[in-house]
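# Summary of structural features
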Amino acid sequence: MPLHNNEITEIVSPAGNPEKLRFAIEFGADAVYFGGQKFNLRDKSINLKLNEIEEGIKLCKKRSVRSIFLVNSFLRESDIDEARELINDVKDMKPDVYVVSDPGMILLLKEANIEASIHLSTQMSTLNHLSIKFWNDLGIERIVLARETTLEEIKRIREYTDAQIEIFTHGALCVSYSGRCLLSRFLSGRDANQGDCSHPCRWNYSLIEEKRPGNYLDIIEHASGTEILASKDLCLISKLPEYLELRVNALKIEGRMKSIYYTANTTRIYKHALRAFERGDDHNKYLPFYLNELDLINHRPYTDDLFNEFENMGFSKLPYINKALFLGYKLSDGKDNTQIYVKTFNPIYSKEEIEAIFPIEDFVKDDKFYVEEILEDEKIVDMAEPGRVYLIKFNKEVDNYAIFRRRKEC
């Protein structure tokens, strides 16, 4: 079904550093979002330095991918001058979009006469068409809806407006309303609303009822601890056609602090599902492949319903599920493309078989490769250590953009 506003739906992928930005583009992102060193709600991410922002925007323009620059933290009075300076530093680089939460940041962008579009962050908890109209009237082009917005509510919103809306489709959720959490600041002094969340909802807790004997909360304990706050991870792949029927303009993947492998694999799966929908293909035909691949990234148990994930207030185990280990990626060819340079993130062993994933174009090229030889400074070694570059010979040719993984025994 075409969008009423003549916009095609786009996949918006996370770019926590320049490498992730490049792989998001290669694996099918229509837009990438990234931040500078401050004011972007991921203060602990590597983020991009000014020269990297400029290079990233240039690459996006070259590849016809939209660049989305994040200035979506909430400003304190002492932040204003520094935020104004950042906007002035970036505006001549001409990102396509700025994402904001704080109305004060909108004023700073208008003061700087930026030429880009402005999108509203999910942090502003937009849940209804009247709020959308309010922000549209202020010049905001697209609204990233609150994660709490249900499918039924989006249906109702679409009865009133054809405004551009974006939803989160995959990634971590927060137990606080649209992520606006005070728990981190209370327990650790780190302000989540300024991008410095310490993720206390992922910590392990003991619950003691001191004054109400007999008033118990059932808690399920597992090997890695006891969790009473941690949320599941969002995964809308099974319901994606229902959202696309509602003319959602963008599907956003959370995960700027996650791995290159996570960025690449989630991007290619949601992009394939989107394009299959646009062609009129049967979603269920591909769904087992989608679910299997999304299960092979590091994640908590998935949910497609934020409000009902706990089902009658019962809690389930929420440890991370890690069925595959990200090993590294092809950096360049050696003498030929059976002997390639690999940047490693985890150990790779000589004489082992590993898997590689690739961008999905006309067909899925994923394959298994046997490691015949590992060279370091022209010397044969038994293992490629993490965080380095090795020349590795495989049993067959390895195409560009290969990302290597090793499945774990379950």
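As a starting point, this report considers the structure included with it. Within any chain, residue numbers begin from 1 and follow the written order of that chain's sequence. Thresholds applied to this predicted model are a pLDDT of at least 70 for local features of residues and 80 or more for the giving and counting of side-chain atom pairs; totals over whole chains, interfaces and linings are not thresholded and use all residues. Hydrogens and water are ignored here; the side-chain numbers use all heavy atoms of the structure.

Right, let's get into the layout of surface pockets. The calculated volume of the second largest pocket comes to roughly 340 Å³. Throughout, the protein atoms alone are placed on a 1 Å grid, and a set of points is a cavity if a 1.4 Å probe fits but cannot get out or a pocket if it is open with protein on both sides within 12 Å along at least five of seven lines; lining residues have an atom within 4 Å of a point. Lining the second largest pocket are 20 residues, with His272, Pro359, Ile360, Glu361 and Asp362 positioned closest to its centre. Of all the secondary-structure elements, those providing two or more residues to the lining of the second largest pocket are helix H1 (18-26) and helix H9 (260-279). With five residues, the single largest contributor to the lining of the second largest pocket is H9. Charged residues are taken to be Asp, Glu, Lys and Arg, nonpolar residues to be Ala, Val, Leu, Ile, Met, Phe, Trp, Tyr, Cys and Pro, and polar residues to be all remaining types, Gly included. Across the lining of the second largest pocket, the residue classes tally to eight nonpolar, three polar and nine charged. Grid points are joined across faces, edges and corners, and a volume is the space filled by probe spheres set on the points. Elements are defined by DSSP. Helices are runs of H or I of four residues or more, strands are runs of E of two residues or more, and each kind is numbered from the N terminus.

Right, let's get into the environment of Leu173. Relative to the helices and strands, Leu173 resides in the loop between strand S7 (164-172) and helix H7 (183-188). Partly exposed residues are those whose accessible area sits between 20% and 50% of the maximum for their type, while under 20% is buried and over 50% is exposed, using a 1.4 Å probe and protein chains only. Owing to a relative accessible area of 5%, Leu173 belongs among the buried residues under this scheme. Distance in space between the C-alpha atoms of Leu173 and Glu254 is 8.8 Å, their sequence separation being 81 residues.

With a side-chain oxygen lying 3.0 Å from the backbone nitrogen of Leu130, the N-terminal cap of helix H5 (residues 129-137) falls on Asn128. Following H5 by one or two positions, Gly139 has its phi on the positive side, about 95°. Polar contacts, as used here, are pairs of N or O atoms within 3.5 Å; protein pairs need one atom able to donate a hydrogen and one able to accept it. Residues neighboring in sequence count only if both atoms are side-chain atoms.

Moving on: the nonpolar core. Generally speaking, nonpolar side chains in soluble globular proteins are found buried as a group. Remark: nonpolar core denotes a set of buried residues (Ala, Val, Leu, Ile, Met, Phe, Trp, Tyr, Cys) joined through side-chain atoms within 4.5 Å. Counting 83 residues, the largest nonpolar core has Val32, Phe34, Met105, Ile237 and Ile403 as its most contacted members. Contact definition: two residues touch when any of their heavy atoms are within 4.5 Å. Met105 has contacts with Phe39, Val71, Leu75, Ala83, Ile87 and Val100, leaving out every residue within four places of it along the chain. Ranked by size, the runner-up nonpolar core spans 18 residues in total, among them Ala356, Tyr390, Phe394 and Ala402.

Each patch is built from salt-bridge-free residues with over 30% relative accessible area, joining like charges within 9 Å and nonpolar side chains (Val, Leu, Ile, Met, Phe, Trp, Tyr) within 5 Å. Here, Shrake-Rupley sampling with a 1.4 Å probe gives the accessible areas, and only protein chains in the shown set may cover a residue. Here, a salt bridge means any side-chain nitrogen of Lys or Arg that lies within 4 Å of a carboxyl oxygen of Asp or Glu. Taken together, the side chains of Leu331, Tyr341 and Val389 present a nonpolar region at the surface, about 250 Å² in accessible area. When you line up the elements, Val389 lands in strand S20 (residues 389-394).

To obtain each axis, a line is fitted to C-alpha atoms, and for helices this fit is confined to the stretch in contact; angles are then taken between N-to-C directions over 0 to 180 degrees. With their axes 10 Å apart at the nearest point, H9 and helix H10 (residues 283-295) run at an angle of 175° to one another. The angle between the axes of H9 and H10 places the two elements in the roughly antiparallel class. Facing H9, whose interface residues are Asn265, Thr266, Arg268, Ile269, Tyr270, His272, Ala273, Ala276 and Arg279, H10 presents His283, Tyr286, Phe289, Tyr290, Glu293 and Leu294. Residue composition of the contact of H9 with H10, grouped by class: eight nonpolar, four polar and three charged. Angles are sorted into four bins: roughly parallel if under 35 degrees, roughly antiparallel if over 145, roughly perpendicular if 65 to 115, and oblique for all others.

Now for unusual backbone geometry. Although it is not a glycine, Ser64 sits at a positive phi angle of roughly 60°. Looking at the element boundaries, Ser64 is found in the loop between helix H2 (50-62) and strand S3 (66-71). Ser64 sits in the exposed class, given a relative accessible area of 69%.

Glancing now at the environment of Glu373. Residue position: Glu373 is located in strand S17 (residues 367-376). Sequence-wise, Glu373 and Phe394 are 21 residues apart; in three dimensions their C-alpha atoms are separated by 7.1 Å. In this structure Glu373 touches Ser350, Ile380, Leu391, Ile392 and Lys393, once residues within four positions along its chain are discounted.

Let us look at the packing of aromatic side chains. For this analysis, a ring pair means two rings from Phe, Tyr or Trp (six-membered ring only for Trp) whose centres lie within 6.5 Å, classed as stacked if their planes differ by under 30 degrees, edge-to-face if by over 60, and tilted for the remaining angles. Scanning the model with the defined rule gives 14 aromatic pairs in all. Both rings, one in Tyr261 and one in Phe326, keep their centres 6.2 Å apart while their planes meet at 15°; by these two values the pair is stacked. Residue Tyr261 is found in helix H9, and its partner Phe326 is found in strand S13 (residues 324-336); the two are separated by 65 residues along the sequence. Just as Tyr261 is buried, Phe326 falls in that class too. Plain terms: the ring middles of Phe394 and Phe404 are 5.2 Å apart, the flat faces sit at 15° to each other, and that makes the pair stacked. Here Phe404 lies in strand S21 (residues 403-407) and Phe394 lies in strand S20, a separation of 10 residues in the sequence.

These values are about where atoms sit, not about what they do.
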